[in-house]
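Read off the chains here:
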Amino acid sequence: MPIINTNEGAYYEYRFVTSFEETNVVGNIYFANYAVWQGKCREMFLYEYCPDIIEEIKNGLHLITLDLSIQYIGQLFAFNKVVMKMYMEAQSVSRILMRFEYYLEQDGNLTLVCKGHQATAAMREINGMMISTHFPESMMDIEGLLAGV
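Residues numbered from 1 in each chain as written. Predicted model: local features only at pLDDT ≥ 70, side-chain atom pairs only at ≥ 80, totals over all residues. Heavy atoms only, no water.

Draft legend 1. Focus on the packing of aromatic side chains. Summed over all chains, the structure comprises 11 aromatic pairs. Plain terms: the ring middles of Y11 and Y87 are 5.2 Å apart, the flat faces sit at 50° to each other, and that makes the pair tilted. Remark: Y87 occurs in strand β4 (residues 81-91) and Y11 occurs in strand β2 (residues 9-17); sequence separation between them is 76 residues. Neither residue differs from the other here; Y11 and Y87 are each classed as buried. Taken together, a centroid distance of 5.1 Å and an interplanar angle of 85° make the contact between Y34 and Y72 edge-to-face. Placement of the pair is Y34 in helix α1 (residues 32-49) and Y72 in strand β3 (residues 61-72), with a sequence separation of 38 residues. Here Y34 falls in the buried class, since its relative accessible area comes to 2%. Judged by its relative accessible area of 39%, Y72 falls in the partly exposed class. Put simply, the rings of Y14, F16, Y34, W37, Y72 and Y102 pair up and form one aromatic cluster. Here the basic side chain of K85 rests over the ring of Y103, its NZ or CZ set 4.7 Å away from the ring centre. When the ring centre of Y87 is taken as origin, the NZ or CZ atom of R99, which lies over that ring, is 4.0 Å away. (Phe/Tyr/Trp six-rings, centres within 6.5 Å; stacked < 30°, edge-to-face > 60°. Helix = DSSP H or I, 4+ residues; strand = E, 2+ residues; numbered from the N terminus. Buried < 20%, exposed > 50% of the residue type's maximum accessible area, 1.4 Å probe, protein only. Lys NZ or Arg CZ within 6 Å of the ring centre and 35° of its normal.)

Structure below.
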C-alpha cells in the first residue's frame with residue numbers, strides 16, 4: 001500500500017473489504033475488529049517499509065501496544081470497502097504514537113466511520129522483565145518515511 005502525501009500531512013494507506021466473518025448477530029461489523037485492523041495496518045506498514053523487523057522479532061524484539069483507542073462515528077457492514085489512513089503523531093527511539101482514520105468507500109467517495117490512536121513501544125525481555133529498547137534502524141525515521149523524506 002502506498003504512502004500518500006497531502007497538505008494535511010503524509011499517511012500510510014491500507015485498503016480492504018470487510019466480510020461476514022467480521023460481523024455480529026445484528027449484521028454490522030463487530031467492534032473488536034476495528035482494533036484488529038489497527039494492528040494489521042501497522043504490521044503491513046512495517047512489512048512494506050521496515051523489512052528488517054521480522055529478523056529483529058526473531059531475535060527477541062517485542063512491539064508492545066501500550067494504549068489503543070477507538071471512536072466510532074458510523075457503522076460498517078459485510079462487503080464494505082474500507083480505506084484506513086495511518087498517521088504518525090509522535091516518535092521517540094522506543095515509542096511511537098499513531099493516529100488512524102477509517103473510511104467507508106462508496107462510489108469513489110470516502111465517509112469517515114471511525115477514528116483511533118495507538119501507542120507502541122519497543123521492548124526486550126531481559127532476566128524475565130520487559131525492558132524498553134530502541135526500535136530497529138529502519139523504524140527510526142517513520143516520520144520521515146511518512147513525510148516522503
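Now that the structure is up, let's keep going.
Draft legend 2. Geometry of the pattern of salt bridges. Per the stated rule, a full pass over the model turns up 5 salt bridges. With a closest N to O distance of 2.9 Å, R15 and E13 form a salt bridge. Classification of R15 as partly exposed rests on a relative accessible area of 35%. E105 is paired through a salt bridge with R15; the nearest N and O atoms lie 2.9 Å apart. Residue E105 is found in strand β5 (residues 95-106), and its partner R15 is found in strand β2; the two are separated by 90 residues along the sequence. Here E105 falls in the partly exposed class, since its relative accessible area comes to 22%. Beyond isolated ion pairs, a larger network of salt bridges with shared partners links E13, R15 and E105. (Salt bridge = Lys/Arg side-chain N within 4 Å of Asp/Glu carboxyl O.)

Draft legend 3. Summary view of the environment of M98. By secondary structure assignment, the location of M98 is in strand β5. Sequence separation of M98 and H134 is 36 residues, and the distance between their C-alpha atoms is 17 Å. The residues touching M98, leaving out its near neighbours within four places in the chain, are R42, M86, Y87, M88, E89, G116, H117, Q118 and T120. (Contact = heavy atoms within 4.5 Å.)

These figures come from the coordinates and say nothing about function on their own.
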